[in-house]
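Observations on the three-dimensional arrangement
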Amino acid sequence: MTLPESITQIFRRKQKSYKMVLIISLIEELKTTNQERAFFDKVRERFLSYYMQQQDLGHRVDETPIRYHARWNEITIGQLNSILTTPVKVLSEIIFVDREDNSIGFYPEIKSQLGEGGLRQLENLAKEELNKYNIAMQQFSLKNHLENIMAQYVQAKAEPFKGHSLGTLLRKTIPSELKTLPFLNEEHYKIQGSIGQGKWADVPWFSILDKRITSTTQSGEYVVYLFAEDMSAVYLTLAQGVTVPSKEKGSKEKYAYLRNKTQEIRELIPLTNMNKDENIHLLSHGRGNDYQASTVAYIKYERGKVPSDEHLVQDLQNVMEDYRIYVEDHILNETASTLEVEPMMEYIESVPEPIDDAQIPFLLHQIQFHIRRKGFFFPEHLIENFYLSLKTKPFVILAGISGTGKTRLVKLFAEALGATGNNGQFTLIPVRPDWSDPADLLGYKDLSGRFKPGPLTEVLVEARKPENQYKPYFICMDEMNLARVEHYFSELLSVLETQDWQEGKIQTQDLISSTMLDTSEDQVKYGSLGIPENVFLIGTVNMDETTHPFSKKVLDRANTLEFNYINLQQYPDLGEQVETSDSSDAAELNHLFLRSDYLQLVDAYDANKELVVRTTERMVKINDLLEDIHAHVGFRVRDAICFYMIYNERYKLMSEEEAFDWQLLQKILPRIQGSHSSVRRVLLNLMKGALGTGSGVTVDFQAFMDDASPLYLKWAAGQTPPTAKHPQSARKLAFMLRRLEEDGFTSYWLS
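Residues numbered from 1 in each chain as written. Predicted model: local features only at pLDDT ≥ 70, side-chain atom pairs only at ≥ 80, totals over all residues. Heavy atoms only, no water.

Time to look at the overall build of the protein chain. What the protein chain contains, in helices and strands, is 29 helices and 19 strands. Among the 751 residues that make up the protein chain, the fraction classed as buried is 54%. As displayed, the protein chain has an accessible area near 33,600 Å², and 48% of this comes from carbon and sulfur atoms. (Helix = DSSP H or I, 4+ residues; strand = E, 2+ residues; numbered from the N terminus. Buried < 20%, exposed > 50% of the residue type's maximum accessible area, 1.4 Å probe, protein only. Areas by Shrake-Rupley, 256 points an atom, 1.4 Å probe, with all protein chains shown as cover.)

Below, the structure is given as structure tokens:
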């Protein structure tokens, strides 16, 4: 027969091994006596004998409750009866204990339902689960992991962050091994660890969260191992998230809130053998106060004095039992409302892993295939260029004539990464010609005092939710320059410049002024709303008589990709339509695929010094030319170009010259406009550099200052352009020179 599901599930949740051992002991005693029920004392003796034998053999087993301070062969009858109370209660749906005649057995209806064959199956199931439990107990060495981290972390912080073995240990190995512990291997718990995001954390950690009340260490309560900054100790704690209370309560009120909540929790659960004070010393500055106020209780393990694995596992079991009691008895029942806790979460998100550099070309190939499969074609390296541009700065402009696929590129690129309009991760915002201030985009306060969010604000609110914080969100500002960009987009551009690293994440200043948020509901929803690091902005622009030009403030903050050169003889390749590859890997990527790794040049300089110096020397020469027409660039542009070049070298997407060609085209040439001879001189000098020495074309300054047609006509329709060092820029410069001669005025946007 097949065991009923209600019985096969009884071992699914394993806080300890007691349930399996009790069932085995009961069935063995029933088989020995051939009776309907067994003497409780005999079953109790079998139960105790199992643990005594395993401990005598040197096997790791559940220790006796810590309050008894005894090995299994030292336990008293009264203590053993107390221990058996829990498994008897948990199994009370299938077994009974009769205190009057000191007997124990299966309920008659259960035994009748199972029969002899069913009892054998139940016994085998209990033995299988007990074996799994024991294997997990033997293999996991928490002691070694804790000691290794404390011994290595300080030195590791002087080593490269990316791909470090300690990151693998805390993010993958420890969570994976913890999941094998029977009291954690269940549907309720999410286990994660961190050494920081993008750079080393002062306090590394790994945590266990009950998904029924929280899925992020920013809010709610959870169990977490916290390492002191100097690695002198590690603390096993029951703690509270600080980030969300800080946002909701403010920096002044959060400590009072956290301490009140801490005291409430301490009064609800036993917290046996845990310290219930604020003597947890992790940092000597800043967030050290946060940890002290938010820690409910802790156990301290000093470096070099970490106890045995048995002791550590027993401590963790006890803390997890307190955590379970708190969640199930005081959060998920009627008393939840009195504790002001976060609502039950139905999602789970793992802390994202940094993506290996070697994987980037493969992932971009998948994105390219997805786009081709949809019947769209873009020039060589355009997808790589678009990716590098977004990676450099989360604001990109796509410019060109109408109908060239600018909006479609954004949509398909986002779609390949799993971001669609249906799941809210891709949003198209058509810009209206009458937009004159940020209110059209961000929102405004109505006459009743309520804040009415704009279309961009709604996306930002959704993107910053804990369950969405690792998903990429794309906002496409369609026909962005139908209105003057500086009028409606200025605040967002300014806030974008405030990007800074905070606790391993990129944060910005607030977009919505507190004066706009009168109600408490609006303050909670829109307060402290910056531009989340998982949001990427792309503007599409058509350059014609109906649109407005861009100022240098906008151009400095974006890469401008041009879509003016079209090959109409591109047709869908049906052979590629049935290619077996797909973009499933790309669709599962987290936002770190696109998020910037560098915000200031100092973030990248040490590891990329030669490339930075080489690129900067090029920029100095170009800046000397641009200064004559007041189009020279500052540190912001220099840093952005260096970042682009660094990413390209890391991912090996293009040659250095190809990458610099794109940056010359996108960051330098859009700044050039005018009608003076000085503009012509700059264009000719830039053309000379773009052609290089191997093109076979000589730039005759004296002749071309009067008539440059012999030069720019080499790029006329039907002609084969010369082989240039920077072909993209050379072609654009040729069109800008032609426009200057034919119209007496030139601009990047008018060619």
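Now, onward.
Another point: the nonpolar core. With 126 residues, the main nonpolar core has Leu-456, Phe-474, Met-477, Phe-489 and Phe-593 as its most contacted residues. Looking at this core, the element that brings in the most residues is helix α24 (residues 635-651), giving nine residues. With sequence-adjacent residues up to four places away left out, Leu-456 is seen in contact with Ile-429, Leu-441, Leu-442, Ile-475, Met-477, Leu-492, Leu-511 and Leu-537. Listed in part, the 64 residues of the second largest apolar core include Leu-142, Ile-208, Leu-282 and Tyr-323. (Core = buried A, V, L, I, M, F, W, Y, C linked by side-chain atoms within 4.5 Å. Contact = heavy atoms within 4.5 Å.)

As a further point, take helix α25 (residues 656-668). Spanning 13 residues, α25 covers 17 Å between terminal C-alpha atoms, matching the ideal 18 Å at 1.5 Å per step. On its buried side, α25 packs onto α12 (382-392), α19 (552-556), β17 (559-563), α23 (609-626), α24 and α29 (727-743). (Expected span 1.5 Å × (residues − 1).)

Below, the discussion takes up the sheet that holds strand β4 (residues 189-194). One open sheet holds the five strands; their spatial order is β4-β5-β6-β7-β8, and the pairing between them is antiparallel. Sheet topology places β4 and β8 (295-302) at the edges, where each strand pairs with a single neighbour. Averaged over all pairs of adjacent strands, the angle between their axes in this sheet comes to 15°, without regard to strand direction. Strand direction decides the pairing type here: strand β6 (residues 221-227) and strand β7 (residues 233-240), joined by seven bridges, are antiparallel. Counterpart to Glu-221 in the pairing with β7 is Gln-240. Packing of helix α6 (residues 142-156) onto the sheet brings it into contact with β5 (205-210), β6, β7 and β8, and relative to β6 it is tilted by some 55°. Helix α10 (residues 309-330) contacts β4, β5, β6, β7 and β8 of the sheet and is inclined by roughly 150° relative to β6. (Pairing = 2+ DSSP bridges. Axes fitted to C-alpha atoms, helices over the stretch in contact; angles between N-to-C directions.)

All right, on to the packing of helix α2 (residues 18-33) against helix α3 (residues 40-56) then. Running from N to C, α2 and α3 point in directions that differ by 130°, and their axes come no closer than 9 Å. By the angle class used here, α2 and α3 are oblique. In the crossing of α2 with α3, the sense of the turn from one axis to the other is right-handed. In this structure, α2 contributes Tyr-18, Val-21, Leu-22, Ser-25, Leu-26, Glu-28, Glu-29 and Thr-32 to the contact, and α3 contributes Lys-42, Val-43, Arg-46, Phe-47, Tyr-50 and Tyr-51. Looking at side-chain class alone, the contact of α2 with α3 contains eight nonpolar, two polar and four charged residues. (Parallel < 35°, antiparallel > 145°, perpendicular 65-115°, else oblique. Left-handed = near helix turned anticlockwise from the far one by under 90°. Nonpolar A, V, L, I, M, F, W, Y, C, P; charged D, E, K, R; others polar.)

Time to look at the pattern of salt bridges. The full count for this structure, using the stated rule, is 42 salt bridges. Between Glu-29 and Arg-46 there is a salt bridge, with the nearest N and O atoms lying 2.7 Å from each other. Of the two residues, Glu-29 sits in helix α2 while Arg-46 sits in helix α3, which places them 17 residues apart along the sequence. A salt bridge links Arg-738 to Glu-742; the shortest N-O distance between them is 2.8 Å. Note that Arg-738 and Glu-742 are positioned in helix α29 at a spacing of four residues, about one turn of the helix. According to the relative accessible area criterion, Arg-738 is partly exposed, its value standing at 30%. Residues joined by salt bridges that share partners form a network here, namely Lys-393, Glu-497, Asp-556, Arg-557, Arg-636 and Arg-671. (Salt bridge = Lys/Arg side-chain N within 4 Å of Asp/Glu carboxyl O.)

Before going further, it helps to spend a moment on the packing of aromatic side chains. Tallying each qualifying case throughout the model produces 25 aromatic pairs. Arranged with centres 6.3 Å apart and planes meeting at 75°, the rings of Phe-413 and Phe-474 form a pair that is edge-to-face. Pair noted here: Phe-413 is in helix α13 (residues 406-416) and Phe-474 is in strand β13 (residues 473-478), with a separation of 61 residues, a long-range link. With respect to class, Phe-413 is no different from Phe-474; both count as buried. Through successive ring pairs, a cluster of aromatic residues spans Tyr-387, Phe-593, Tyr-598, Phe-643, Tyr-647 and Tyr-651. If you follow Arg-99 out to its NZ or CZ, it ends over the ring of Phe-40, 5.2 Å from the centre. Here the guanidinium or amino end of Lys-732 rests over the ring plane of Tyr-748, the centre of that ring lying 4.5 Å away. (Phe/Tyr/Trp six-rings, centres within 6.5 Å; stacked < 30°, edge-to-face > 60°. Lys NZ or Arg CZ within 6 Å of the ring centre and 35° of its normal.)

Here we take up empty space enclosed by the protein. Counting across every chain of the model gives four cavities of 30 Å³ or more. Volume-wise, the largest cavity comes out at about 70 Å³. Pro-394, Gln-499, Glu-533, Val-535 and Phe-536 are the residues nearest the centre of the largest cavity, which is lined by 13 residues in total. Residues of the lining of the largest cavity, tallied by class, amount to nine nonpolar, two polar and two charged. (1 Å grid on protein atoms, 1.4 Å probe; cavity = no way out; pocket = protein on both sides within 12 Å on 5 of 7 lines; lining within 4 Å. Points joined across faces, edges and corners; volume = space filled by probe spheres on them.)

With that out of the way, let us pick up the sheet that holds strand β1 (residues 38-39). Reading across the sheet, the three strands line up as β1-β3-β2 and stay open at both edges, with antiparallel pairing between neighbours. Two strands in the sheet have a free side with no partner beyond their single neighbour: β1 and β2 (95-98). Here β1 pairs with strand β3 (residues 103-106) via two bridges, running antiparallel. From the neighbouring strand, Ala-38 faces β3, where its bridge partner is Ile-104. Seen against the sheet, α2 touches β1, β2 and β3 and runs at an angle of roughly 95° to β3.

Our next topic: the environment of Tyr-473. With respect to the helices, strands and loops of the structure, Tyr-473 is situated in strand β13. Overall, the relative accessible area of 2% leaves Tyr-473 in the buried class. Residues Tyr-473 and Phe-426, spaced 47 residues apart in sequence, show a C-alpha to C-alpha distance of 6.0 Å. Not counting residues up to four positions away in its chain, the partners in contact with Tyr-473 are Gly-424, Gln-425, Val-459, Glu-462, Ala-463, Asn-468, Asn-534, Val-535 and Phe-536. A polar contact is formed between the side chain of Tyr-473 and the side chain of Asn-468, at a distance of 3.3 Å. (Polar contact = N/O pair within 3.5 Å; in protein donor to acceptor, adjacent residues only side chain to side chain.)

A few words now on the side chain of Asn-542. Note that Asn-542 resides in the loop between β16 (535-541) and α19. What makes Asn-542 buried here is its relative accessible area of 12%.

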